[in-house]
Amino acid sequence: MPGQILPGLIEPKTPEERAEREYHLKYMRAALDMGQLALETNETPVGCVLVWRDQIIAKGMNATNITRNGTRHAEFMALSALLSRKEKGDIEDMQSGADFDESTWGDVDPKDGHIFPYGQKLHPAPVVDRSIVNECILYVTVEPCVMCASLLRQLGIKKVYFGAVNDKFGGTGGVFRIHMNSKPVPRPTDRPYQNGYGPAPVEKTTKPRPGSSPREDDDGDGGNVEPGFPAEGGYLRDEAVSLLRRFYVQENGRAPQPRKKEGRAARLFAMEAEAQALKSSASEISDSVTAPQTPVESEAAKPSLAAAAVKEESA
C-alpha cells in the first residue's frame, strides 16, 4: 500500500472517532490473541476473527506447519471452521440467519470443531450457509495474501481490517489489489481473428503491442466478475509485527543446519524495549497537551515493519 495512508495509524480526534476506533481494536485484539496462540504452537503468528452482527462467529490462525499444507492460512481456517459440519443430518438444521438468545451463544464450545484450535466456530447453528460471509467483517493481524484476498472476494466478504502490511504477498494493496475491480478491457478492433472473424492481415498481426500505461490508484487486480470489498490497514500494526519478529528469531530445529540466532533475539529485545519507551513517552506528552495534534503517518514515509520482520529472517 505504498504512498497511501493507513487509516489504522491515524489518531482519532473526536469522541465519535475514538469510539469507532476502540470498536475495531477490540476485535483486532482478539485476532492478536489467535496470533499469539499460533506463535505458541510453532506456527507463523497470524490470527483473525470473523465478526457478524457484532458477534465473533469464527476464529482462525495459521496451520501450515501442522497440516503441511501451504493454503492453511488464518483466513482459510476461520472460514473452514465456520462453514464446516460434523454430522450428515446437520444440513437439515441450517439456521445461518436465525437470531439466537445470549444463553445459546454462551453454550457454544469451539472445541467441538474438527480443526480446533487452529479454526474455531463460535456460531450456535449446527450449519451456516456461506451467504453469511456477505455480512461478515474480517479482522486479521497481517494483510491477506493474494490467495486469501481472492478467497475473500469470491465468498463476498463485507470488509477487511488488518494490522501490518504484507510487502511480499499482499493482496489488498501491499503488492496486488485483488479486493478492487480492474478497469474494463476493451475488445481489440485490429485483431479480428481473435474475435472469431477469420485470420487477420499480416501487417496487423505483427503490430507491436502498446506500452503499459501508468498505474492509477483506482486500478485494481480483482477482475470484474465478483464485486470487490473495502480494506483498511494499520490497526495494532506494531503489535502484529512484534509477533512476527518473535517467531523469526526462533531457531528451526528441523533445518539441516539450524542458524544460531542469539544475536537476533538480543536485537529484538532492544528494539521492543525502545518501541515501548517511545510509546510511553508519546502517551505522557499526549496527556499533558489539551488538544493534541497527532501527525498522520504515511506508509510511504515510514518503512514497513512487516518488511523489517522478514528481513530479520533472511539476515
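Refer to the structure presented above.
Anyway, here's the lowdown on the structure attached to this text. Remember, it's a predicted structure, so these values are computed and weren't measured experimentally.

What follows is about the overall build of the protein. Each helix and strand in the protein was counted, giving nine helices and six strands. Across the protein, contacts joining residues at least 24 apart in sequence account for 70% of those joining residues at least 6 apart. For the protein, the exposed area adds up to about 18,000 Å²; of that, 53% sits on carbon and sulfur atoms.

Counting 53 residues, the largest nonpolar core has Leu50, Ile57, Ile132, Leu138, Tyr139, Ile157 and Val160 as the members making the most contacts within it. Not counting the four nearest positions on each side in its chain, Ile157 is found in contact with Leu50, Val133, Cys136, Leu138, Leu152 and Phe229. If you look at the next biggest cluster of nonpolar residues, it comprises eight residues, including Ala38, Ala63, Met77 and Ala81.

For the coordinates displayed, the defined rule picks out four salt bridges. Where Lys159 meets Glu232, a salt bridge forms, and the shortest distance between an N and an O atom there is 3.0 Å. Residue Lys159 is found in strand E5 (residues 159-164), and its partner Glu232 is found in strand E6 (residues 231-232); the two are separated by 73 residues along the sequence. Residue Lys159 is classed as buried on the basis of its relative accessible area of 17%.

In terms of strand pairing, strand E1 (residues 47-52) meets strand E2 (residues 55-61) through six bridges, oriented antiparallel. From the neighbouring strand, Val49 faces E2, where its bridge partner is Lys59. Between the antiparallel neighbours E1 and E2 lie two residues, among them Arg53 with a positive phi of about 55°. Here three bridges tie E2 to strand E3 (residues 119-121), and the two strands are oriented antiparallel to one another. Bridge assignment links Gly60 to a residue of E3, and that residue is Gly119.

Given a rise of 1.5 Å per residue, 26 residues ought to cover 38 Å, and the 37 Å separating the end C-alpha atoms of helix H1 (residues 15-40) matches this to within 8%. Among all positions of H1, only Arg21, His24, Leu25, Tyr27, Met28, Ala30, Ala31, Leu32, Met34, Gly35, Ala38 and Leu39 are buried. Summarising the contacts, the buried residues of H1 are in contact with E1, E2, E3, strand E4 (136-142), E5 and helix H7 (237-248). Directly beyond the C-terminal end of H1, a positive phi value near 65° is found at Asn42.

Before going further, it helps to examine the packing of aromatic side chains. Scanning the model with the defined rule gives five aromatic pairs in all. By way of ring pairs, the aromatic residues Tyr23, Tyr27, Tyr139, Tyr161 and Tyr235 are connected into one cluster.

A few words now on the environment of Tyr235. Assignment of secondary structure puts Tyr235 in the loop between E6 and H7. Assessed through its relative accessible area of 6%, Tyr235 is described here as buried. When the C-alpha atoms of Tyr235 and Gly163 are compared, they prove to be 4.5 Å apart, with 72 residues separating the residues in sequence.

A separate point is unusual backbone geometry. That bond from Phe116 to Pro117 is cis: its omega, 0°, falls within 30 degrees of zero. Relative to the helices and strands, Pro117 is located in the loop between helix H4 (102-106) and E3. Here the phi dihedral of Arg68 falls at roughly 55°; this positive angle occurs in a residue that is not glycine. Secondary-structure assignment places Arg68 in the loop between helix H2 (64-67) and helix H3 (74-83).

Our focus in this paragraph is the side chain of His179. Here His179 shows up in the loop between E5 and helix H6 (202-205). We classify His179 as buried; its relative accessible area is 9%.

Structurally, Pro144 is set in the loop between E4 and helix H5 (146-155). A relative accessible area of 0% means that Pro144 is categorised as buried. C-alpha separation for the pair Pro144 and Ala231, spaced 87 residues apart in sequence, amounts to 9.8 Å. Every residue in contact with Pro144, bar those within four places of it in the chain, is listed here: Glu75, Ala149, Leu152, Val160, Phe162, Phe169, Gly170, Gly171 and Thr172.

The rules we used
Residues numbered from 1 in each chain as written. Predicted model: local features only at pLDDT ≥ 70, side-chain atom pairs only at ≥ 80, totals over all residues. Heavy atoms only, no water. Helix = DSSP H or I, 4+ residues; strand = E, 2+ residues; numbered from the N terminus. Contact = heavy atoms within 4.5 Å. Areas by Shrake-Rupley, 256 points an atom, 1.4 Å probe, with all protein chains shown as cover. Core = buried A, V, L, I, M, F, W, Y, C linked by side-chain atoms within 4.5 Å. Buried < 20%, exposed > 50% of the residue type's maximum accessible area, 1.4 Å probe, protein only. Salt bridge = Lys/Arg side-chain N within 4 Å of Asp/Glu carboxyl O. Pairing = 2+ DSSP bridges. Expected span 1.5 Å × (residues − 1). Phe/Tyr/Trp six-rings, centres within 6.5 Å; stacked < 30°, edge-to-face > 60°.

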